[in-house]
Structures are given as C-alpha cells and as structure tokens.
Amino acid sequence: MAVIEGQSRPIQRLQLADSWRRAWRSGDWWRQLVLLAFLFFMFLPFIITFIISFKDIPQFDHAPFRVTFPLHPVNYVDAWRIVSRYIYNSLIASSASVIGMVILAAIAAWAFARYPFPGREIFFFGVLALLMVPGELTLIPAFLLVKTLGLLNTRWVLIAPYIAGGQVFAIFILRQFFEALPGEMFEAARIDGANEWQVFRHIGIPLSQSILGVVAIMHVLSTWNDIIWPLVTLSSDKLMTLTIGLYAFRTAYYTIWGPLMAGYVIASIPLIILFAFTSRLFVEGLSSGAIKM
Amino acid sequence: MTTDEMRATAPNATQVNPTIPEERVSGLWERVYRYRFVYVMLVPTFVLLFTFNYYPAFMGLYRAFFKWDIGLQPEFLGLGNFQKLFLEDDVFLKSLRHVSILTSWRVISAVTFPFIVAELIFNLRNHIHKYTYRVLIILPAVVPGIVNLLLWQFIYDGTHGLLNAFLEGIGLENLQQPWLGSPKTSLYAVTFMGFPWVGGVTVLIYLAGLQGISDEIIDSSLVDGCSGLRRIFAIDIPLILGQFKLIIVLAVIGGLQGWVAIFVMTAGGPGTASMVPGLWMYNNAFLWNKMGYASAIGMFLFLLILSLTILNIKFMKTSDV
C-alpha cells in the first residue's frame, strides 16, 4: 500500500523520510531541547519583568509572577514621565561620542594601516598599551581633571572621555581590517588622480562599512551601560543618564514594582531597536572576524 | 664631490650603521616630511588620549605614593600607602579573598556554559536554526546592564523575590532568606548571579572559532571514527585555544573590574561581607576623599591585571592551523 501511495512522488517522499531520519540520528532534536532550556532561563527574568510591568500593587502582592487582569498599561505612562529624560540624555551622550569616536579612530587607524611613516610602530604601541590600563587606575585622576577643567555637570564630561577611551579598541580593530584591504585598488585610484583624502573617503570607508558598524555598536553598548563615570561626574538630575537615572528611580519606587518594571522595559527599548537594525551586522561581524589572541 | 657633501650632512647616522645606503639615511627626515599629513591625521587622537588617558594613568601611578586628601597639599609617603594596605587594612585583605572567589567562578563559568552552547549551535544541521539561535543567544546582551543587575536584585529580594518564591514552590521554605541582605549569603549571591551564565558575545566568539576549523580536519576526523565528545576534546578545544585564551583573559579582567555590579547590588554589604578591592577604592576616593590611598588600590589592581594577563598569554600556547 505504501508503494502505491508513494508512486506519485516517490523521490520526494524518500528524501523527506531520509532527512527526518538523519535529523533524528544526528541528534538535532536534543541539541535544540538543551538550547531551548538555556534560552528559557536566559529570558525568564525578562519575561517576568514584562508580566510585572502591567500589575498594580494589590495584584503584585496577590500573584506576583502570573499574568493578572485587568492589565495596567498606565504603569508605562508613569514610568515614561520619569525615564524619558534619562533616555534622551543617554542618547545624546552615546550618539555624539560614537560619531566623534568613529571618525577619529577611522582616520588614525587608516594612518597606521596604510602609511609607513617613521615612528609608526612606536605610536601604535602607545595606543595598544592603553588597552592594558584599567578604569580603576584612571578613575580618580580623570575625575579630578574634569573637575579642574570645570566640566562637571556638563554634557562634555561624558562625550569627550568616551571619544578618547573608545578610540583605543577601535583603532586596534580597524587597523587590522584596513591592512587586509587589497592595496592595488588604492594604487589604481591614485594613478587615476585621486588624492589621499579621496582614496580614504571614497574607497577605504565604503569597503569597511561592516567593521565600522561593529565598532560603533560596541561603543554604543559600552557607553550606554556605563555606570560609574556618570555617577561620579553628574549630580544634576537634568543630565543623568539612563543607568544612574534607573538606579535613582529604583530607590524612589522601591515597593511600587509595576511602574519600576515598566521603566526597565522602556529602558531596554532603544538598544533593542538598534539591535533590530544591526543584528545581522553584529552577529556576522563577531562570527566572521577571528577575534582571538 | 656631491656624494661627500651628502655624507657630511648626516655623519652620525652613517657611523651608527654604515651598511645603510645614503639615500635611506637622508631619507628619515625626508620621510617624516613626506608623511607630514599622517602626523596631522594623528593629532586629534593623541590630543584626546593624552588628556583623558595618558595623563590620568600616569597621575594615578604617581599619586599612589602620596597622602592626598582633597583640599590638602599632597604629602609624599613612599610606600606608606601600600604598607597600610597590606599590613593594616583588614577590609582590603578580606576583599582580596572575595574577588578571587568571584573571578574564579567567572573564569570557570565562561569556559564551560558558553562553550557548551556554542558546540550545540555549531553542530546543528539546519542552517536557518543555526542563525536563529545565534541571534536569540545574543539578544539578552542588548538589555542594559543596569536593568539586568536590578532584576537580579529583585530575584534575590527577601520578601518579594523570585528565588524565594521558587523555593516555596518546591517546598524548601526553610532555605528562604534575604539573599543579598544576609552576610552569610551576599557574596555568593552576587557571585552566582546571571544563571545560566551564558554570555551571548562569548558564545559568538567560540562559534567563530569553531567555524574557522577547516572542513578537511572535521571530515578526516569523521573518517577516522572520531566524533561526538571525543572530537570536542581532541580537535575542537585544541584548535580554538586562541578563543579560550581571549575569553579567560576577559573573564579575569571582568572579575577584577566587576565591582560595579556589587556596588549596585549590595554596595559591598551588609557591612563589608561582599566588599571587593575596586569598590573599596571607590569608597575611599568618593566617600572619604582619601585620593592617595585609593590611587594605591588602583595601582595594585592595574599591576594585578597586567601580570595575570601576561601570565595567561605566556602560559597558554596558541597553535594556529
């Protein structure tokens, strides 16, 4: 009977059964099971946050971890009133510094990668050495420096050090990438009459978009998540970034979990949006370039 | 005649290394001049680095040898700060023990759980699934770190916390406690937070290494009957030692610098039950204005990180295939 039924599309049936059997034998099903278990526990805190963010106080006291009705989206309105300013401040600090950082790092890395100028390796070592300097060593003198410069409680107190510090890692990554670009293309452009700036701007940069993107995203992630530097340099509530704003918010709303959790959800949205647009770039940039020592 | 003149202009250089042809010798300054625009390109970068990186770094090293309270004239102490740190400061010595527990667990968890996940994803046959899991694994990384910390604070909460609710659910009420508020558990609570300890970026770094292993090696190992766990230990791990090395270095550095999490979760408390050196430095500097003493702790952390990193790089040999 199976033969008669199978006669219409025998080959395809065979392939289907075969691939199914292969998947079973190869063990993909248990791999996926284990992966899903890992993922479940990784996402569990966020799922519960999301559930709690719709609760009012009695609902939370009664059944903290189950979905309860009616939902209270008004929590989000309350949270937004407080968190929106912090998001705005973080957006300014991260975007201004990422633009400045990428421009400066790309120019410097290009110089290191493509010109055998005297002193190149010494200067480059000077940059690399900074990778070994932890924030603990520089925190106190840097704080006293910006205090002397009168930068405390300004936007520049975040932007300028973020540009300076972010360059180090970016130059390190970008130089390797620029060096690997085929030199013939730049020679050809020069022969065609392009000057050095045009070679960089119209050939080098377009070829490096993906790695520039990875460097930029990593910079945004690290500045967005920075806690200590904004904490010690910003005391005015008007300028607080998201991290220290949320910290203050938690202290103020300690037992009112609904709006607090709504605030956490709102705080996560900007990076999730960024990730939605760049995930492919990010995942592939991290997976392809052999990042190792 | 002309060659003699040229030789006369650069006598020192020719004496130092007579084998270098004359064009090269006179070329140094010429090359500096030719590449003058390159130095201009580097000026903005180095101005910023000098202001916000080099100067504070050297200042931090220098002031570690001073008694330096805000508003007072710095007073040179020699090694006095370090003497106090290691001989008299019990909290600091205790914090060293804490940070070694924290860092050890970070290293252990970073070389096991993310690697298991990376192997699982790597061995999936279906490429669409492979890509989907890669994206899902990295997704939690975009939730702001502070949100994660505050969530874990909530999980450990004594009255409303998820962990206590879970213990009640499985009938272990007697284990319930304020995890962060009790001196017995606070250090372990902050050490083991982040369950199931799978960092998305770490997984992707391992995965990149696994994908870099050439197909011929995997195929020939299959022909030789080497598969499953045996292949992981005989082929995968030795071939991605470079990635392991990077992850270990990052975990050690992250453990020693991971005091911000403790600052948010427990502020080192209760009392000093979960104090770590970085936080002790912060307290000395920004609560008690003892900048010189705090700089000494900063310098100690710098030297510790530096030597551990060098040790790690020397100790684990990378073999590139």
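Residues numbered from 1 in each chain as written. Chains lettered and ligands numbered in written order. Predicted model: local features only at pLDDT ≥ 70, side-chain atom pairs only at ≥ 80, totals over all residues. Heavy atoms only, no water.

**What about the overall build of chain A?**
(1) Moving on: Along the backbone of chain A there are 14 helices and zero strands.
(2) Moving on: Scanning chain A from its N terminus toward the C terminus, one meets helices and strands in the order α-α-α-α-α-α-α-α-α-α-α-α-α-α.
(3) Moving on: Residue burial in chain A is summarised as follows: out of 293 residues, 49% are buried.
(4) Moving on: Pairs at least 24 residues apart make up 71% of the contacts formed inside chain A by residues separated by at least 6 positions.
(5) Moving on: Summed over its atoms, the accessible surface of chain A is roughly 14,700 Å², and 68% of this surface lies on carbon and sulfur atoms. (Helix = DSSP H or I, 4+ residues; strand = E, 2+ residues; numbered from the N terminus. Buried < 20%, exposed > 50% of the residue type's maximum accessible area, 1.4 Å probe, protein only. Contact = heavy atoms within 4.5 Å. Areas by Shrake-Rupley, 256 points an atom, 1.4 Å probe, with all protein chains shown as cover.)

**What to know about the overall build of chain B**
(1) Moving on: The number of helices and strands found in chain B is 17 helices and two strands.
(2) Moving on: The burial tally for chain B puts 48% of its 321 residues in the buried class.
(3) Moving on: Across chain B, contacts joining residues at least 24 apart in sequence account for 65% of those joining residues at least 6 apart.

**Some thoughts on the side chain of Q167 of chain A**
(1) Moving on: When you line up the elements, Q167 of chain A lands in helix α8 (residues 156–180).
(2) Moving on: From its side chain, Q167 of chain A meets the backbone oxygen of A164 of chain A in a polar contact 3.4 Å long.
(3) Moving on: A polar contact of 3.0 Å, which involves the side chain of Q167 of chain A, links it to the side chain of T45 of chain B.
(4) Moving on: If we skip the residues at most four places from it in the chain, Q167 of chain A touches M101, L104 and A105 of chain A together with T45, L48 and L49 of chain B. (Polar contact = N/O pair within 3.5 Å; in protein donor to acceptor, adjacent residues only side chain to side chain.)

**A closer look at the confidence of the model for chain B**
Residues and elements named next belong to chain B.
(1) Moving on: Of all residues in chain B, 90% have pLDDT values of 70 or greater, and the mean over the chain is 83.
(2) Moving on: Confidence scores differ between elements of chain B, with helix α2 (residues 11–16) showing the lowest mean pLDDT of 41 and helix α6 (residues 90–122) the highest of 93.
(3) Moving on: Ignoring residues within four places in sequence, the model shows residues 1–20, a span with pLDDT below 50, making four contacts including any to other chains. (pLDDT = per-residue confidence, 0-100.)

**Topic: the packing of aromatic side chains**
Residues and elements named next belong to chain A.
(1) Moving on: All told, the structure shown has 40 aromatic pairs over all chains when counted by the stated rule.
(2) Moving on: When the centroid spacing of 5.2 Å and the interplanar angle of 75° are considered together, the rings of W110 and F178 count as edge-to-face. Of this pair, W110 sits in helix α5 (residues 74–114) while F178 sits in helix α8, and the two are 68 residues apart along the sequence. Accessibility classification places W110 together with F178 in one group, the buried group.
(3) Moving on: Their ring planes at 40° and their centres at 6.1 Å tell us that F112 and F117 sit as a pair that is tilted. (Phe/Tyr/Trp six-rings, centres within 6.5 Å; stacked < 30°, edge-to-face > 60°.)

**Quick notes on helix α11 (residues 209–224) of chain A**
Each turn of an α-helix holds 3.6 residues, which means side chains three or four residues apart point in the same direction.
Residues and elements named next belong to chain A.
(1) Moving on: Between its first and last C-alpha, α11 extends 22 Å over 16 residues, near the 22 Å set by a 1.5 Å rise per residue.
(2) Moving on: A large share of α11 lies buried, amounting to 12 of its 16 residues.
(3) Moving on: Looking only at α11, the buried set comprises I211, L212, G213, V214, V215, A216, I217, H219, V220, L221, T223 and W224. (Expected span 1.5 Å × (residues − 1).)

**Topic: the nonpolar core**
(1) Moving on: Ranked by size, the top nonpolar core spans 175 residues in total, and within it W110, L174, W229 and L246 of chain A carry the most contacts.
(2) Moving on: Sort the elements by how many residues they give to this core and α5 of chain A lands first, with 19 residues.
(3) Moving on: Counting only domains with at least three residues in this core, you end up with domain 1 (2–78) and domain 2 (84–315) of chain B.
(4) Moving on: In this structure L246 of chain A touches V83, Y86, G263, Y264 and A267 of chain A together with I146, V147 and L150 of chain B, once residues within four positions along its chain are discounted.
(5) Moving on: Residues L137 of chain A together with A57, M299 and F302 of chain B belong to the second largest nonpolar core, which totals seven residues. (Core = buried A, V, L, I, M, F, W, Y, C linked by side-chain atoms within 4.5 Å. Domains from an automatic or database assignment.)

**With respect to the environment of F113 of chain B**
(1) Moving on: Following the sequence through the fold, F113 of chain B ends up in helix α6.
(2) Moving on: In this structure F113 of chain B comes out as partly exposed when scored by relative accessible area, which is 22%.
(3) Moving on: When the C-alpha positions of F113 of chain B and V198 of chain B are compared, they lie 5.8 Å apart, and in sequence the two are 85 residues distant.
(4) Moving on: Apart from residues no more than four positions distant in its own chain, F113 of chain B is found in contact with F38 of chain A together with W105, P196, W197 and V198 of chain B.

**Comments concerning the interface of chain B and chain A**
(1) Moving on: Tallying the contact residues gives 99 residues for chain B and 89 residues for chain A.
(2) Moving on: It is F52, L120 and V142 of chain B in chain B that bury the most area against chain A; as a group they hold 7% of the surface buried on that side.
(3) Moving on: The interface formed by chain B and chain A includes zero salt bridges.
(4) Moving on: Taken together, the links from chain B to chain A amount to nine residue pairs in polar contact (both at pLDDT 80 or more).
(5) Moving on: Tallied by class, residues from the side of chain B that touches chain A come to 73 nonpolar, 20 polar and six charged. (Buried area = accessible area lost by both parts, 1.4 Å probe. Salt bridge = Lys/Arg side-chain N within 4 Å of Asp/Glu carboxyl O. Nonpolar A, V, L, I, M, F, W, Y, C, P; charged D, E, K, R; others polar.)

**Considerations on the environment of T45 of chain B**
(1) Moving on: Examined against the element boundaries, T45 of chain B turns out to sit in helix α4 (residues 36–63).
(2) Moving on: In this view, T45 of chain B contacts L104, A108, Q167 and I171 of chain A; residues no more than four positions away in its chain are not counted.

**Quick look at unusual backbone geometry**
(1) Moving on: Following F69 of chain A, the chain continues to P70 of chain A via a peptide bond in cis, the omega torsion being 0°.
(2) Moving on: The residue P70 of chain A is located in the loop between α4 (57–62) and α5 in this model.
(3) Moving on: Of note, the bond from F195 of chain B into P196 of chain B is cis; its omega dihedral lies within 30 degrees of zero at 5°.
(4) Moving on: As for its position among the elements, P196 of chain B is in the loop between α10 (186–191) and α11 (200–212).
(5) Moving on: The phi angle at N153 of chain A is positive, at roughly 60°, despite the residue not being glycine.
(6) Moving on: Mapping N153 of chain A onto the fold places it in the loop between α7 (135–148) and α8.

**Concerning the pattern of salt bridges**
All names here are of chain A.
(1) Moving on: In this structure the tally under the stated criterion is 10 salt bridges over all chains.
(2) Moving on: With a closest N to O distance of 2.5 Å, D237 and R85 form a salt bridge. Taken together, the residues D237 in the loop between α12 (228–233) and α13 (242–252) and R85 in helix α5 connect sequence positions 152 residues apart.
(3) Moving on: The partly exposed category is assigned to R85, whose relative accessible area is 36%.
(4) Moving on: E121 is the partner of R175 in a salt bridge, and the nearest nitrogen-oxygen pair spans 3.1 Å. With R175 in helix α8 and E121 in helix α6 (residues 120–129), this pair connects stretches of sequence that are 54 residues apart.
(5) Moving on: Accessibility expressed as a relative area gives 7% for R175, which makes it buried.

**Things to note about the environment of L274 of chain A**
Residue and element names in this part refer to chain A.
(1) Moving on: Inspection of the secondary structure puts L274 in helix α14 (residues 257–288).
(2) Moving on: Judged by its relative accessible area of 29%, L274 is partly exposed.
(3) Moving on: L274 sits 53 residues away from L221 along the chain, and the two C-alpha atoms are 9.9 Å apart.
(4) Moving on: Excluding residues within four positions of it along the chain, L274 makes contact with I217 and V220.

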